[in-house]
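These are the residues of each chain, in order.
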Amino acid sequence: MKLRLHFVVDPMGWLCISVVFGIWLYNTFFIPKLVLLPHYNEGHIPWALVVWYYIASAFCVVALIRASTADPGRLPVDPHIPHSEREHWELCNKCNLMRPKRSHHCSRCGHCVRRMDHHCPWINNCVGEDNHWLFLQLCLYTQILSLFTLVLDFCQYYYFQPLTGRDQFTTRHELALLRVSALMGLVMFVGMSGLFHTQLSGVLTVSTDEPDDSRSWQWALAEVCGTRWKLLWFIPFRSRQPLQSGRHARSLV
């Protein structure tokens with residue numbers, strides 16, 4: 001399935017996503033420089049710890065880029081509406097286009113989005129049917145990376161052995177750099193934990209509001225992620241396709 005890119009022209013959104021990217025860049029550069037690599041070079045920590053930190057960082061930034069540039073589910077100007085589904089469509093009073101129920105008009109983007117959850121300034125994009133799974137991944141991997149960073153900062157303060165070979169800049173500014181990293185990690189972890197819980201609860205709550213509420217939480221997440229393979233729910237390096245089944249067929253636009 002071809003990846004559809006989506007860019008929102010919003011200076012405030014550009015500023016917000018720049019702040020998020022700056023926090024990621026700060027911790028991805030300074031934590032390995034101050035903690036991981038020096039302790040690994042002196043044999044205090046295993047190589048696997050360094051690799052897992054970079055993997056968490058890579059998954060986090062890929063989810064951020066994908067969520068901010070993926071098409072959230074923008075409706076075309078002239079959608080094909082199956083005759084059997086017409087009663088489930090309605091006219092948007094803002095853009096005067098037909099849209100399926102549970103679609104909403106985004107005033108920031110200027111168009112309707114299928115199953116729109118909200119417009120998130122921190123990714124400068126709407127969260128809708130086609131990128132909701134990426135937004136969930138972003139929340140999850142930001143929590144993991146932030147917690148990883150907090151643990152490393154704590155260990156650097158109280159647990160790790162003193163380092164022998166340190167340059168003058170690191171020795172002079174290490175405490176300040178670690179405090180900034182810990183503060184950003186704490187803010188991101190608390191904020192993303194609350195957001196992830198809200199988003200996950202919303203997905204599972206909406207699934208129970210369907211006419212047939214016998215669907216399990218696995219089906220609800222599979223529908224959002226576009227696959228029944230649970231391992232793929234955590235992989236941002238792929239495209240999403242609407243999940244089809246005999247009883248719960250979804251209309252394609």
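What this report covers is the structure whose coordinates are included nearby.

Procedures and definitions
Throughout this description, residue numbers start from 1 for each chain and increase along the sequence as written. The predicted origin of the model limits local features to residues at a pLDDT of at least 70 and limits the giving and counting of side-chain atom pairs to 80 or more, whereas totals for whole chains, interfaces and linings rest on all residues. Side-chain measures here rest on the full set of heavy atoms in the structure, leaving out hydrogens and waters. Only DSSP runs of H or I reaching four residues or more are called helices, and only runs of E reaching two or more are called strands; each is numbered from the N terminus. Cavities and pockets are found on a 1 Å grid laid over the protein atoms alone: a cavity is a set of points where a 1.4 Å probe fits but cannot escape, a pocket is an open set with protein on both sides within 12 Å along at least five of seven lines, and a lining residue has an atom within 4 Å of such a point. Grid points are joined across faces, edges and corners, and a volume is the space filled by probe spheres set on the points. Here the term charged refers only to Asp, Glu, Lys and Arg, the term nonpolar to Ala, Val, Leu, Ile, Met, Phe, Trp, Tyr, Cys and Pro, and the term polar to all other amino acids, Gly among them. Between N-to-C directions, angles span 0 to 180 degrees; the directions come from axes that are lines fitted to C-alpha atoms, helices contributing only their stretch in contact. With the far helix as reference, a near helix turned anticlockwise by less than a right angle produces a left-handed crossing, and one turned clockwise produces a right-handed crossing. By definition, residues are in contact when any of their heavy atoms lie within 4.5 Å.

## Comments concerning unusual backbone geometry
In step 1: For R102, which is not glycine, the phi torsion reads 75 degrees and is therefore positive.
In step 2: Looking at where R102 falls in the secondary structure, it is placed in the loop between β2 (98-100) and β3 (104-106).
In step 3: Phi is positive for N124, close to 55 degrees, though the residue is something other than glycine.
In step 4: Positionally, N124 belongs in the loop between β5 (118-120) and β6 (125-127).

## A short note on the layout of surface pockets
In step 1: The calculated volume of the second largest pocket comes to roughly 390 Å³.
In step 2: If you list the elements that add at least two residues to the lining of the second largest pocket, you get α1 (11-41), α2 (47-69), α3 (132-158) and α4 (168-208).
In step 3: For the lining of the second largest pocket, the element with the most residues is α4, which contributes seven residues.
In step 4: The residue makeup of the lining of the second largest pocket, split by class, is 18 nonpolar, six polar and no charged.

## Concerning the packing of α2 against α3
For any two helices packed against each other, one specifies the crossing angle of their axes together with the interaxial distance.
In step 1: Viewed as axis vectors pointing N to C, α2 and α3 meet at an angle of 145 degrees, and their least axial separation amounts to 8 Å. The interaxial crossing formed by α2 with α3 has left-handed handedness. The residues of α3 that touch α2, namely those facing L49, W52, Y53, A56, S57, F59, C60, A63, L64, R66 and A67, are W133, L134, F135, Q137, L138, Y141, T142, I144, L145, F148, T149 and L152.
In step 2: Among the residues making up the contact of α2 with α3, the classes are represented as 18 nonpolar, four polar and one charged.

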